[in-house]
Each structure stands twice: as C-alpha cells, then as structure tokens.
Amino acid sequence: MRIGELSERTGTSRRLLRYYEEQGLIVAGRGPNGYRDYAEPTVDRVIQVRGLLDAGLPTRIIKQILPCLDKPRTIYFPDATPEMIATLEAERDRMTRRAECLLRNRDAITEYLAAVREYDSAVR
C-alpha cells in the first residue's frame, strides 16, 4: 500500500510515517516508480509504535522492543545496558499503574451507567 493509504488507515501523518521509517520502526519497499510500498502488517506495526509512544517510550527503546511484538521472534539485544533495562522496568511499572487507573475508571463508569439505567427503569 502507498503511504497515503497507510496514513489514512492508521491516523498517522505521512511525515510521521517517514520519520518512523527513518528511525527503523517500520520498513517500506520501493515500487518501480520509487514510491514507498508498505506491506499489510505495517498497519499493525504503526498502531503498536503509536501506542508505545503514547505510553511515553522513546523511539530508541521502541526500536529495541519491537522484535518482542513479532511472532515468531528472535530477541537479541546487543546494547541492553543496565540503564536501558532500568528505564524499561520503570516504564512498565508506570504503564501498569496507568492501566490499573483506567480499569478503576472504567468500572466506576460501568457502575454509574448501571445506576442510571436502574433509576430510569424505576421512574418509567
């Protein structure tokens, strides 16, 4: 698929897609006309990259953990320094706290909606 379609399907600007390619986060082939040509799995990859960026991870770390998201996978981290591991652990813990907060908020909204529906049923 061409960059415009990938942009549309992922809600990611063409400029950002070119940046992701420059950073080695996604790969594009080239057609005979020189245009970028992305494979279908790139849609999921871009969505994964955006999610990791939204979670606060820098692109240099995302590039290192992307192999963990593929199956089958071969994980090899030649430059997995203690600092990088500590950063990943801190980010994982922060993401866990955020996920727990989101779940609590979702549960509160569910309870509120149930109470509103119960009230509406009793009033009618």
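Residues numbered from 1 in each chain as written. Predicted model: local features only at pLDDT ≥ 70, side-chain atom pairs only at ≥ 80, totals over all residues. Heavy atoms only, no water.

Trainee: Sorry if this is basic, but what is going on with the overall build of the chain here?
Mentor: Helix and strand counts for the chain come out as 5 helices and 2 strands. Mapped in sequence order, the helices and strands of the chain form the string α-α-β-β-α-α-α. Oriented by its inertia axes, the alpha-carbon framework of the chain measures out at about 65 × 40 × 25 Å. Residue burial in the chain is summarised as follows: out of 124 residues, 23% are buried. Sequence-distant contacts, at least 24 apart, represent 49% of the contacts inside the chain between residues at least 6 apart. Seen as two clouds, the 21 positive and the 19 negative side-chain charges of the chain have centres 4 Å apart. (Helix = DSSP H or I, 4+ residues; strand = E, 2+ residues; numbered from the N terminus. Buried < 20%, exposed > 50% of the residue type's maximum accessible area, 1.4 Å probe, protein only. Contact = heavy atoms within 4.5 Å. Lys, Arg positive; Asp, Glu negative; His and termini not counted. Charge placed at Lys NZ, Arg CZ, Asp CG, Glu CD.)

Trainee: Hey, could you run me through the nonpolar core in this one?
Mentor: Across soluble globular proteins, nonpolar side chains show a tendency to be buried alongside one another. The biggest cluster of nonpolar side chains holds 19 residues, and the ones touching the most others in it are L6, L17, Y20, Y38 and I62. Sort the elements by how many residues they give to this core and helix α3 (residues 41-54) lands first, with 4 residues. (Core = buried A, V, L, I, M, F, W, Y, C linked by side-chain atoms within 4.5 Å.)

Trainee: Where do I start with the pattern of salt bridges in this structure?
Mentor: Where charged atoms of side chains with opposite charge meet at close range, the side chains can pair. Evaluation of the coordinates by the stated rule reveals 6 salt bridges. Here E21 and R36 are joined by a salt bridge, their closest N and O atoms 2.6 Å apart. With E21 in helix α2 (residues 14-22) and R36 in strand β2 (residues 36-37), this pair connects stretches of sequence that are 15 residues apart. Two residues, D107 and R106, come together in a salt bridge whose shortest N-O distance is 2.9 Å. By relative accessible area, which is 33% here, D107 ends up partly exposed. Taking the relative accessible area as the measure of exposure, R106 reaches 47% and is therefore partly exposed. Linked by salt bridges that have partners in common, E5, R9 and E40 make up one network. (Salt bridge = Lys/Arg side-chain N within 4 Å of Asp/Glu carboxyl O.)

Keep in mind these numbers describe shape, not what the thing actually does.
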